[in-house]
Amino acid sequence: MSKVLIMCEGQNELEIINILLENNKLIYTIDDLVGLSAYHARQIDKSTMVQNNLNMYNGEVEVIRIGDGLTDKLRIPKKYANKIISVKKYCTKPELEILLILSEGLYDNFQKVKSSKKPKDFAKENISIGRTKYKNQTKFYADYYGSNVDLLVEAIRKYKSLNKNKKDELYLCDLLA
């Protein structure tokens, strides 16, 4: 049986995946993961932690990359070439903040200004938790979705129904249980 290596483009993507993992909302459990963890890493050769955990596992590995860009190709070091059996990309374009925009019911408002405003800037202007305005920080995602994982799952599902990824890009929704 193979294990799964989840590599997240940024800390915020990692937080989202951890919230989903902790609440058993993914098709994978922590036990399915290499090193029992998801990682903040874009490339295998740039992450000592990823390499160390790959070195400790002798079986086959499926790589899942999560991010909003993922335009760079995953470089697989030669010593892992026989171990890694697949690489899949899961994208939230244009930016991860699109999930917050969906959760707040602001998608139509964002559509009106998307040619001149990035989702990150739109979120900073329009989304808050109490008095705390959106900041591009992991803590904001943890506070926003940590106690309401169903809101996160709903936003992920809605995102797939509203957006078209490239042929080689899957949706976070495809990872939901």
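So, a few notes on the structure that sits alongside this text. (Residues numbered from 1 in each chain as written. Predicted model: local features only at pLDDT ≥ 70, side-chain atom pairs only at ≥ 80, totals over all residues. Heavy atoms only, no water.)

Ranked by size, the top nonpolar core spans 44 residues in total, and within it Ile6, Ile17, Leu20, Ile66, Leu99, Ile127 and Tyr145 carry the most contacts. Elements that contribute at least two residues to this core include exactly strand 1 (3-8), helix 1 (11-22), strand 3 (61-67), helix 3 (97-103), helix 4 (107-113), helix 5 (119-126), helix 6 (138-145) and helix 7 (149-162). When neighbours within four sequence positions are excluded, isoleucine 127 is seen to be in contact with Leu100, Ile101, Glu104, Leu106, Thr132, Lys133, Tyr134, Phe140 and Tyr144. (Core = buried A, V, L, I, M, F, W, Y, C linked by side-chain atoms within 4.5 Å. Buried < 20%, exposed > 50% of the residue type's maximum accessible area, 1.4 Å probe, protein only. Helix = DSSP H or I, 4+ residues; strand = E, 2+ residues; numbered from the N terminus. Contact = heavy atoms within 4.5 Å.)

Attention now moves to the packing of aromatic side chains. Per the stated rule, a full pass over the model turns up 6 aromatic pairs. Here the aromatic rings of tyrosine 134 and phenylalanine 140 are separated by 5.1 Å at their centres, their planes lie at 90°, and the arrangement is edge-to-face. Comparing tyrosine 134 with phenylalanine 140, the two get one shared label, buried. Taken together, a centroid distance of 6.1 Å and an interplanar angle of 90° make the contact between tyrosine 134 and tyrosine 141 edge-to-face. (Phe/Tyr/Trp six-rings, centres within 6.5 Å; stacked < 30°, edge-to-face > 60°.)

Quick look at the pairing of strand 3 now. With 6 of 7 residues buried, strand 3 is to be regarded as a mostly interior element. The pairing of strand 1 with strand 3 spans 6 bridges and is classified as parallel. Looking at the pairing, cysteine 8 lines up with isoleucine 66 of strand 3. (Pairing = 2+ DSSP bridges.)

Note that every value here comes from positions in space, so none of it alone points to a role or purpose.
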